There are 2 protein chains.
Amino acid sequence: MARWAPGASDRLQRAAIELFAEDGFEATTVAGIAGRAGVTERTFFRHFADKREVLFAGGEQLEAAFVGAIADAPADTSMAGLLAAALDAGGRVLQDARGREFSRMRNGIITANEQLRERELLKLAKLSHAVTAALVARGIAQVTASLAGELGVLVFKTAFARWIAPDETRDLLDLQREGLAAVSDLTRAETV
Amino acid sequence: MARWAPGASDRLQRAAIELFAEDGFEATTVAGIAGRAGVTERTFFRHFADKREVLFAGGEQLEAAFVGAIADAPADTSMAGLLAAALDAGGRVLQDARGREFSRMRNGIITANEQLRERELLKLAKLSHAVTAALVARGIAQVTASLAGELGVLVFKTAFARWIAPDETRDLLDLQREGLAAVSDLTRAETV
DNA sequence: AGAATGATGTCAGGGACTGACATCACCAGC
DNA sequence: GCTGGTGATGTCAGTCCCTGACATCATTCT
């Protein structure tokens, strides 16, 4: 493990976000990002698969939180409990490791560009699949797990959108629990 | 309206599907597609915004069917009735204008490549938004319409996946109605 | 016939991304 | 302390996607 100035990945991410915010995604060039980070364009592509990916680097962390919470839950945890645990763990990642202001800025960049919205949809779909797989690993039927996976991500997405809304001050975890409760209300008759 | 050999768009789509099926999406070049269609690479990009879009050209047609069915439904149609009408109209487009075998081949190409899966997610999200907008235009509350829009697309996606499964012989419209009924069961307690 | 229109061809070029190879900083072993 | 190994970076050449500008051609309208 040897390198010149440590943290090239971090510098690239920071540089990219700054430039995207200033000039927009399409107007900024990878060479420009690399230049601001003090590396070569080629190095950028060794750290990130493509130009969009630099904005979605923390994704594995979020996914790991979701999956880990499901895997580590007590054996007798209900489905609602599993989803709640996963959402709590994921929400904590966003709230603590990222922060609301950062998430707001990042989200502004993403929603301003269709290529980035596209990539975000892919990431959410992968998150949904990961949650589904984690549920299946606990012995839950594929169909049920798949539905729960999509549902969990839907709640996450909705709560996140509210969390970064201009005047919102509530906790992300609270918003997630509220959303989950609303869904639970809708499906309670079936669950019981 | 003047042109050389008519139907350049169709020829490009056909050529693209053939080449994607033979060599894969990444291995085939836009110049190759254009060459097989008897046009220039530049002409390809005048018909399709990018290399992926050639596979999603019929999308507006599907979206129009969904939206039109919702807009044209009688004033007193229930939400379930609106979704059923939209799904029927959309399903007919796929079944009649496209056909099951074509859909199978096209779907095989898409699922084999991440860039194409990504684009498909974007198209489905847009379809969902279009449905939501059509419902809002009928005076339905934004929140309800949004939920229904996502739900409708979810049912569509699920039924479509079953429709193109290897041994499936049932009608797409039947599969959609079945899926809608299953969702209806899940939410009946709330609706009443 | 001649003008208007719209689709296509041609050309030049930027920017994303990749493979191959050289180079440099650091670490381990002698 | 020197030397070789390792991993990250730089350099270079090249392919492919995609775009703007301009010329050209077939069809349609007058």
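Since this is a predicted model, take the numbers as computed values, not measurements.

Draft legend 1. The arrangement of the environment of Thr158 of chain A in detail. In this fold, Thr158 of chain A is placed in helix 8 (residues 142-163). On a C-alpha basis, the gap between Thr158 of chain A and Leu175 of chain A in space is 8.8 Å, while along the polypeptide they are 17 residues apart.

Draft legend 2. Structural detail: the nonpolar core. Residues Phe66, Ile70, Ala86 and Val131 of chain A are the most contacted members of the largest nonpolar core, which totals 29 residues. Elements that contribute at least two residues to this core include exactly helix 4 (59-72), helix 5 (79-98), helix 7 (114-137), helix 8 and helix 9 (172-191) of chain A. A per-element tally of this core places helix 5 of chain A first, with eight residues. Those residues in contact with Ala86 of chain A that lie beyond four places of it in its chain are Phe66, Ala69, Ile70, Val131 and Gly152 of chain A. Of all hydrophobic cores here, the second largest spans 27 residues; its members include Val67, Ala145, Ala148 and Leu175 of chain B.

Draft legend 3. The packing of helix 6 (residues 100-111) of chain A against helix 7 of chain A, seen in detail. Residue and element names in this part refer to chain A. The N-to-C vectors of helix 6 and helix 7 enclose an angle of 115°; their axes lie 6 Å apart at closest approach. Here helix 6 is positioned roughly perpendicular relative to helix 7, judged by the angle of their axes. On helix 7, the residues touching Ile109, Ile110 and Thr111 of helix 6 are Leu116, Arg117 and Glu120. Each residue belonging to the contact of helix 6 with helix 7 can be placed in one class, and the counts come to three nonpolar, one polar and two charged.

Draft legend 4. Focus on the environment of Gln142 of chain B. Structurally, the position occupied by Gln142 of chain B is in helix 8 (residues 142-163). Spatially, the C-alpha atom of Gln142 of chain B lies 16 Å from that of Ala71 of chain B, the residues being 71 residues apart in sequence.

Draft legend 5. View of helix 1 (residues 8-23) of chain B. All names here are of chain B. The end-to-end C-alpha distance of helix 1, which contains 16 residues, comes to 22 Å, matching closely the 22 Å that a straight helix rising 1.5 Å per residue would cover. Taken together, the buried positions of helix 1 are occupied by Leu12, Ala15, Ala16, Leu19 and Phe20. The arc that holds the buried residues of helix 1, viewed along the axis, is 130°, so those residues lie on one side. Among the exposed residues of helix 1, those oriented more than 90 degrees off its buried face are Asp10 and Glu22. Buried-residue contacts for helix 1 involve helix 2 (30-37), helix 3 (41-47) and helix 6 (100-111). Just downstream of helix 1, Gly24 is the residue with a positive phi angle, here 90°.

The rules we used
Each chain has its residues counted from 1, following the order in which its sequence is written. Chains and ligands are labelled by the order in which they are written, letters from A for the one and numbers from 1 for the other. In keeping with the predicted nature of the model, local features appear solely for residues at pLDDT of at least 70, side-chain atom pairs appear and are counted solely at 80 or more, and the whole-chain, interface and lining totals rest on all residues. A run of H or I in DSSP counts as a helix once it spans at least four residues, and a run of E counts as a strand once it spans at least two, with each numbered from the N terminus. Buried Ala, Val, Leu, Ile, Met, Phe, Trp, Tyr and Cys residues whose C-beta atoms connect them within 7 Å together make up a nonpolar core. The burial criterion counts other C-beta atoms lying within 10 Å of a residue's C-beta, which is placed from the backbone; the residue is buried at 20 or more, exposed at 12 or fewer, and partly exposed between these limits. It is the C-beta atoms, placed from the backbone, that decide contacts: two residues are in contact if theirs lie within 7 Å. An axis is simply a line fitted to the C-alpha atoms; with a helix, the fit covers only the stretch in contact. Between two such axes, the angle follows the N-to-C directions and lies from 0 to 180 degrees. Roughly parallel means an angle under 35 degrees; roughly antiparallel means over 145; roughly perpendicular covers 65 to 115; every other angle is labelled oblique. Residues are grouped as follows: nonpolar covers Ala, Val, Leu, Ile, Met, Phe, Trp, Tyr, Cys and Pro; charged covers Asp, Glu, Lys and Arg; every other residue, Gly included, is treated as polar. Expected helix span is taken as 1.5 Å per residue step, with the number of steps being one fewer than the number of residues. Summarising the geometry, the arc corresponds to the directions from the helix axis toward the C-beta atoms.

Purely spatial values, then, with no claim about function.
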